[in-house]
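Letter by letter, the chains look like this.
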Amino acid sequence: MAAHNPGTEFDLSWISKIQVNQPAVLRRAEQIQARRMVKKEWQAAWLLKAVTFIDLTTLSGDGTSSNIQRLCYKAKYPIREDLLKALNVHDRDITTAAVCVYPARVCDAVEALKAAGCDIPVASVATGFPAGQTHLKTRLEEIRLAVEDGAKEIDVVINRTLVLTGQWEALYDEVRQFRKACGEAHLKTILATGELGSLTNVYKASMIAMMAGSDFIKTSTGKETVNATFSVAVVMLRAIRDFFWKTGNKVGFKPAGGIRTAKDSLAWLSLIKEELGDEWLKPELFRIGASALLSDIERQIYHHVTGRYAAYHDLPMS
């Protein structure tokens, strides 16, 4: 991971006069969605790159230790070995960026990855995920327990009420406490943008989260009605750029929720490249939160190599 974002002192002047131009943002989002994607070997190369940005995630209520073991095995071996050999990249050690689980499953994931002999980090959702409506003391303890169990990254959720009622200093203080509870673990702050009411609120919440020391800002829990959208992403990425210009500190970005197809992943990579540049196209500064995405990427790579689409039984389950 990149160095921690140290954050800054709370400064309301950074956001007090901000008003997001919604029509302009929507036009930019449409441009991204309308863009023609790369083809053939270029597409295969970009899809393999996309794999290395995935936080392979299981956040269903029926997670068992055997499910976690399968997920961790898939994280280490995300694409079938023969397909990688056909593309001459079998020696590149292509893995997903992290495995993301509930706090109670962190130990299982740490043990499974250790048994597999790899150092992929475990990320844990915390702080009353997904609603963030439990007591602050409980949310902080949840972070500490996940870190004690071996989580290297913590995906926290903010209390959306603080945004909707304009309590920016209270939001700053909350995220600052999350940052402290994480210790050496990286802090990824989920804004749950589908519940923030406006793009202006998305920008303000993004900036406050970064001021408070977030190492990543993340669009969604995946449990909201509206999850990662390109319009929200444009606003968050420009907040990241503004924060970098103001402080010199690079903060990462993680879209999550509803990103299921290889085509989707290519559009997200294109957006990052255009808005923030190639230096953000690395796992230290860009992640995709997904569970179903990897299966479709592997299907597309299988098609590129063999000329036909895989049957259900051709590709191993995660």
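Details of the structure are given in the entry above.
The structure presented is a predicted model; accordingly, all values stated were derived computationally and were not measured.

### Some thoughts on the pairing of strand 1 (residues 54-57)
At step 1: Neither face of strand 1 is left uncovered, since the one carrying Ile54 and Leu56 and the one carrying Asp55 and Thr57 both have all their residues buried.
At step 2: Pairing geometry for strand 1 and strand 8 (residues 288-290), over three bridges, is parallel. Bridging from a neighbouring strand, Ile54 pairs with Ile288 of strand 8.

### Let's talk about the sheet that holds strand 7 (residues 252-254)
Sheet strands line up and pair through hydrogen bonds in the backbone, either parallel or antiparallel.
At step 1: Spatially, the eight strands line up as an open sheet ordered 7-6-5-4-3-2-1-8, and their pairing is parallel. Where the open sheet ends on each side, the last strands, each with one partner, are strand 7 and strand 8. Ignoring strand direction, the axes of neighbouring strands in this sheet form an average angle of 25 degrees.
At step 2: Lying on the sheet, helix 5 (residues 106-115) is in contact with strand 2 (98-101) and strand 3 (122-126); it crosses strand 3 at an angle near 175 degrees.

### A word on the packing of aromatic side chains
At step 1: Enumeration over the complete set of coordinates arrives at eight aromatic pairs.
At step 2: Each ring, one from Phe244 and one from Trp280, has its centre 5.6 Å from the other, and the planes form 85 degrees; the classification is edge-to-face. Of this pair, Phe244 sits in helix 10 (residues 230-247) while Trp280 sits in the loop between helix 11 (262-275) and strand 8, and the two are 36 residues apart along the sequence.
At step 3: What makes Phe244 partly exposed here is its relative accessible area of 24%.

### Looking at the pairing of strand 5 (residues 186-190)
Note on strand geometry: in a regular strand, side chains alternate between the two faces of the sheet.
At step 1: The buried fraction of strand 5 is high, at five of five residues.
At step 2: Side chains His186, Lys188 and Ile190 project from strand 5 onto one buried face, and the interleaved Leu187 and Thr189 project onto a second face that is buried too.
At step 3: Taken together, the five bridges between strand 4 (residues 153-157) and strand 5 define a ladder with parallel strand orientation. Looking at the pairing, Glu153 lines up with His186 of strand 5.
At step 4: Strand direction decides the pairing type here: strand 5 and strand 6 (residues 216-218), joined by three bridges, are parallel. Bridge pairing in strand 6 places Thr189 opposite Ile217.
At step 5: For the handedness criterion, the β-α-β arrangement of strand 5, helix 9 (residues 199-211) and strand 6 is classed as right-handed.

### Examining the pattern of salt bridges
At step 1: Taken as a whole, this structure holds 22 salt bridges when the rule is applied.
At step 2: Across the pair Lys188 and Asp55 runs a salt bridge, and its minimum N-O distance is 2.7 Å. Taken together, the residues span a long stretch of sequence, with Lys188 in strand 5 and Asp55 in strand 1 at a distance of 133 residues.
At step 3: You can call Lys188 buried: its relative accessible area is 0%.
At step 4: The class of Asp55 is buried, set by a relative accessible area of 0%.
At step 5: Measuring nitrogen to oxygen at the nearest pair gives 2.8 Å for the salt bridge that ties Lys254 to Asp55. Here Asp55 lies in strand 1 and Lys254 lies in strand 7, a separation of 199 residues in the sequence. Considered together, Lys254 and Asp55 belong to a single accessibility category, that of buried residues.
At step 6: Within this structure, Asp55, Glu153, Asp155, Lys188, Lys218, Lys254 and Arg287 form a network of salt bridges that share partners.

Scoring rules and cut-offs
Residues numbered from 1 in each chain as written. Predicted model: local features only at pLDDT ≥ 70, side-chain atom pairs only at ≥ 80, totals over all residues. Heavy atoms only, no water. Buried < 20%, exposed > 50% of the residue type's maximum accessible area, 1.4 Å probe, protein only. Helix = DSSP H or I, 4+ residues; strand = E, 2+ residues; numbered from the N terminus. Pairing = 2+ DSSP bridges. Axes fitted to C-alpha atoms, helices over the stretch in contact; angles between N-to-C directions. Contact = heavy atoms within 4.5 Å. Phe/Tyr/Trp six-rings, centres within 6.5 Å; stacked < 30°, edge-to-face > 60°. Right-handed = clockwise from strand over helix to strand, strands pointing away. Salt bridge = Lys/Arg side-chain N within 4 Å of Asp/Glu carboxyl O.

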